[in-house]
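# Structural overview for review
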Amino acid sequence: YYVDYKFAERSADGMMHKTDYALHFLAYLGLASQIPTLLLNLINLFVQIKGGLRRRIGFSLFVLAIIILITLIFTFINTSHMISAFFFITMATVVLLNAANGVYQSSLYGLTANFPPQYTNALILGNNICGTFVSVVSIITLEFYKYYMKKARKHTDKNVNEEGQHLQRISTIDGIIMDGTEMNRVVSKTEKLFTPIMAYLLFNFFAAAGSFLANFVQWPSPKWVVVPVIARIALIPLMIFCYFRPEYRTWDVWFYNVWIYIIFAVIMSITSGYFSSVIMMYVPRIVEPSKSTVAGMIAAFFLIFGITCGIMFTFFVSWFVDSAGAYNSGHFDIEIS
């Protein structure tokens, strides 16, 4: 919506063109989201506020509500004449939203650290369920948006159907395409939904499943939990050598079959949710009771720190795939039929 509508300009010929803000919006959004969350998690560990954690939680929820209200108001405002100003307003609201969210999350983890571990896991499970819900809403909204945009274009100009279909492509296959199989044709027909379904919905759903599983099974022990966590790193090169970024990649492809990628993604998702929950449940229990609140807040900080590092690492992965291999860029770019 923001990339294809709010930050797009209409030229003299009536076509919509993406501005620089649109082309780099997701990168800006990632930085504006995670860095404030990380910093406020860190600050929340050391800054003493009269009233304790409950006051921090209440104030952060108030800020979140105000920012959400501002965001909703701007969805009804035509900002085509103020794209630059709207971009900076959007980034400012994202920074404030995630700063408040950082305080809220850190405080809530500190508060639940004094309760049985299932309470801490309930927070992580709730986050993953929320991500699943948002993914579903995003897919539904995407389909409504494409439907009404197509309907509007047919009404105004029946000769621009082909261009209209191009403009409706909010999301496409981000990297994994199959070569010459029946699944290849299936992916081709559903490529507009491949990224929101296979990346966002799939990850959040199975991460929630992993968090739910942690309520019943906590394995291995706190002493050895680092072993499977480190072992998960092996999934990164395996997924890199799937049919990822075919139009740019310079490395060989080991796995053309998209189902192999999906299996890797499911394993990554389940283990992410499971071990995040298990570790967050372990932390308050392995320190003295008087330090459990601080331990929970520190664990929350490093949870967000890990997410931020993961986002930053994706830039290296893209560079590695695109530039560090032996082949020329585009060597593996094949046409799906």
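Residues numbered from 1 in each chain as written. Predicted model: local features only at pLDDT ≥ 70, side-chain atom pairs only at ≥ 80, totals over all residues. Heavy atoms only, no water.

## Focus on the side chain of Ser33
- One can find Ser33 in helix α3 (residues 25–46).
- Under the relative-accessibility criterion, Ser33 is labelled buried at 14%.
- Within the structure, the side chain of Ser33 is placed 2.6 Å from the backbone oxygen of Leu29, a separation counted as a polar contact.
- If we ignore the near neighbours within four places in the chain, the residues touching Ser33 are Val94 and Asn98. (Helix = DSSP H or I, 4+ residues; strand = E, 2+ residues; numbered from the N terminus. Buried < 20%, exposed > 50% of the residue type's maximum accessible area, 1.4 Å probe, protein only. Polar contact = N/O pair within 3.5 Å; in protein donor to acceptor, adjacent residues only side chain to side chain. Contact = heavy atoms within 4.5 Å.)

## Points about the packing of α3 against helix α13 (residues 292–323)
- Contact geometry for α3 and α13: axes closest at 9 Å, N-to-C directions at 160°. If you check the angle between α3 and α13, you find them roughly antiparallel. Read as a crossing pair, α3 and α13 show a hand that is left-handed. Residue-level contacts link Leu31, Gln34, Ile35, Thr37, Leu38, Asn41, Leu42, Asn44 and Leu45 of α3 to Val294, Met297, Ile298, Ala300, Phe301, Ile304, Phe305, Ile307, Thr308, Ile311 and Met312 of α13. (Axes fitted to C-alpha atoms, helices over the stretch in contact; angles between N-to-C directions. Parallel < 35°, antiparallel > 145°, perpendicular 65-115°, else oblique. Left-handed = near helix turned anticlockwise from the far one by under 90°.)

## Quick word on the UniProt feature "transmembrane region" (unreviewed entry) in the protein chain
- As recorded in UniProt, the feature "transmembrane region" (unreviewed entry) lies at residues 25–47, 59–77, 83–104, 125–145, 197–217, 224–246, 258–283 and 295–321.
- Counting secondary structure, residues 83–104 comes out at 100% helix and 0% strand; the distance between its end C-alpha atoms is 31 Å.
- Between the end C-alpha atoms of residues 295–321 the distance is 38 Å, and the span holds 100% helix and 0% strand. (UniProt positions renumbered as here; feature names shortened; annotations may be inferred.)

## Some points on the packing of helix α5 (residues 83–112) against α13
- One can describe the packing of α5 onto α13 by two numbers: an axis separation of 7 Å at closest approach and a directional angle of 140°. Viewed along their axes, α5 and α13 adopt a mutual orientation that is oblique. With respect to the hand of their crossing, α5 and α13 are arranged in right-handed fashion. Only Thr293, Gly296, Met297, Ala300, Leu303 and Ile304 of α13 make contact with α5, whose side of the interface consists of Gln105, Ser106, Tyr109 and Gly110.
- Residue composition of the contact of α5 with α13, by class: five nonpolar, five polar and no charged. (Nonpolar A, V, L, I, M, F, W, Y, C, P; charged D, E, K, R; others polar.)

## Re the nonpolar core
- If you look at the biggest cluster of nonpolar residues, it comprises 12 residues: Tyr2, Val3, Phe7, Ala22, Phe25, Ala32, Phe74, Ile83, Phe86, Phe87, Met91 and Val94.
- Secondary-structure elements contributing two or more residues to this core are α1 (2–6), α3 and α5.
- Per element, the largest residue contribution to this core is five residues, and it comes from α5.
- Sequence-distant contacts of Val3, that is, excluding residues within four places in its chain, are made with Ala8, Lys18, Ala22 and Phe25. (Core = buried A, V, L, I, M, F, W, Y, C linked by side-chain atoms within 4.5 Å.)

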